[in-house]
Amino acid sequence: MLEKKEAPLGVFDSGVGGLTVVREILKQIPSESILYYADTAHVPYGSRDPQELKGFARKITSYLVDQGCKMIIIACNTSTSLAYEDLQTFFPLPIIGVIEPGVEKALKTTKKSRIGVIGTVATINSGVYQQKLQAKNPDAQVYAAACPPFVPLVENGLIAGADTENTVANCLSPLLEKNIDTLILGCTHYPFLQPVITKVIGSGIKVIDPACETVRKVGEKLKELKLFAQGANPSYHYVSSKSPQDFRARGSVFLGEDLGTVKKVIL
Ligand code: DGL
């Protein structure tokens, strides 16, 4: 049995998107071990039914808890928006989502209180970003847009080129008319499209990738609970619910290092 401090952080997403959170973990808290679950059998999450998505989140969290994880990071905005409260009620360990940190960062960043948020259909329809931004700053003008083509583009590695730029431009054009000064990437897949997004929107709009703030929060929580890993040899394990070789190939390119053998785990 691992001492609790040395136990892994349990991280999950529908696919490669949560690796944007993993890369921040590697940067900010590199002594932590990671167990990552990619639910590739069900990607994309964004067009699925909320009840079904809650069920996936519970099963995956249950698996990560059974594997001995000391904390759960929901590296998925869709699951955070629909299942965060449910998971917190159901599981007796610290659980961190990606939405609150993104909201806080956006409110600190905006000068004009005009904020755009993009995400999956399920995230945008849940209204969670809009509610949280306005609850913390009632003057905030929030403009939200779902971008359903983005996750398939990223999962297929199509993160550059003219077709991708056209798709991104089409999805973002309604927001660009709103005079926003800050844009939240409310889906963990989207930071992989950030170069194209920046090209389309220009440098005048600040782009928020919630991963950075999320991992800062994870670090604070580990400190508060005295759960920081002390060892010098963190381990990284990746599992996926479908096509583990494809996940390894794509994920290794995105993360910039080999993920190693990816096990298939169907829940
Ligand atoms: N990366 C996830 C998110 O942040 C899920 C995207 C999807 O599978 O549709 O919302």
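Below, the structure is looked at part by part. Given the structure is predicted, the values throughout are model-derived calculations rather than measurements. (Residues numbered from 1 in each chain as written. Predicted model: local features only at pLDDT ≥ 70, side-chain atom pairs only at ≥ 80, totals over all residues. Heavy atoms only, no water.)

**Points about the pattern of salt bridges**
Counted by the stated rule, this structure contains twelve salt bridges. Of the charged contacts, one joins R58 and D86 as a salt bridge, the two residues approaching to 3.0 Å between their closest N and O atoms. Within this pair, whereas R58 is found in helix α2 (residues 50–66), its partner D86 is found in helix α3 (residues 77–90), the two being separated by 28 residues in sequence. A salt bridge links K132 to E100; the shortest N-O distance between them is 3.3 Å. A residue pair is termed long-range when its members are at least 10 positions apart, and K132 in helix α6 (residues 128–136) and E100 in helix α4 (residues 99–109) qualify at 32 residues. Among the ionic contacts, a cluster of salt bridges with common partners joins E100, E104, K132 and K136. (Salt bridge = Lys/Arg side-chain N within 4 Å of Asp/Glu carboxyl O. Helix = DSSP H or I, 4+ residues; strand = E, 2+ residues; numbered from the N terminus.)

**Considerations on the site of the ligand**
For the ligand, the set of nearby residues contains 14 residues, the closest of which are S14, Y45, N77, T78 and H189. Y45 places a main-chain nitrogen or oxygen 2.6 Å from an oxygen atom of the ligand. Within the side chain of T78, a nitrogen or oxygen atom sits 2.6 Å from an oxygen atom of the ligand. Within the complex, 99% of the 300 Å² of free accessible area of the ligand lies under protein. (Near = heavy atom within 4 Å. Polar contact = N/O pair within 3.5 Å; in protein donor to acceptor, adjacent residues only side chain to side chain. Areas by Shrake-Rupley, 256 points an atom, 1.4 Å probe, with all protein chains shown as cover.)

**Regarding the layout of surface pockets**
Approximately 240 Å³ is the volume attributed to the second largest pocket. As for the second largest pocket, its lining consists of 13 residues, of which T40, V43, E155, N156 and D246 are closest to the centre. Those elements that provide at least two residues to the lining of the second largest pocket are α7 (150–155) and α11 (244–255). Tallied by class, residues from the lining of the second largest pocket come to six nonpolar, three polar and four charged. (1 Å grid on protein atoms, 1.4 Å probe; cavity = no way out; pocket = protein on both sides within 12 Å on 5 of 7 lines; lining within 4 Å. Points joined across faces, edges and corners; volume = space filled by probe spheres on them. Nonpolar A, V, L, I, M, F, W, Y, C, P; charged D, E, K, R; others polar.)

**Description of α11**
Between its first and last C-alpha atoms α11 spans 16 Å; for twelve residues at 1.5 Å apiece the expected length is 16 Å, and the two agree. Within the sequence span of α11, burial applies to P244, F247, G251, S252, F254 and L255. End-on view of α11: buried residues confined to an arc of 160°, all on one side of the axis. Opposite the buried face of α11, by more than 90 degrees, sit the exposed residues Q245, D246 and V253. On its buried face, α11 sits against α1 (19–28), β2 (34–38), α7, β9 (236–240) and β10 (262–264). At the C-terminal side of α11, G256 shows a positive phi close to 80°. (Expected span 1.5 Å × (residues − 1). Buried < 20%, exposed > 50% of the residue type's maximum accessible area, 1.4 Å probe, protein only. Arc of directions from axis to C-beta. Contact = heavy atoms within 4.5 Å.)

**Observations regarding the side chain of H189**
By secondary structure assignment, the location of H189 is in the loop between β7 (182–186) and α9 (194–201). Look at H189 and you get buried, because its relative accessible area is 1%. Within the structure, H189 has its side chain in polar contact with the backbone nitrogen of G17 (distance 3.5 Å). Only 2.7 Å separates the side chain of H189 from the side chain of E155, close enough to count as a polar contact.

**Quick word on the sheet that holds strand β5 (residues 114–119)**
Here we have four strands laid out as an open sheet, ordered β6-β5-β7-β8, and parallel in their pairing. In this open sheet, the two strands that pair with only one neighbour each are β6 (141–146) and β8 (206–208). Neighbour-to-neighbour, the strand axes of the sheet open up by a mean angle of 20°, direction not taken into account. In this sheet, β6 lies alongside β5 in parallel orientation, the contact comprising six bridges. Bridging from a neighbouring strand, G116 pairs with Y143 of β6. Relative to the sheet, α4 contacts β5, β7 and β8, its axis offset from that of β8 by approximately 165°. Contacts between α9 and the sheet are confined to β5, β7 and β8, with β7 contributing the most and set at about 150° to the helix. (Pairing = 2+ DSSP bridges. Axes fitted to C-alpha atoms, helices over the stretch in contact; angles between N-to-C directions.)

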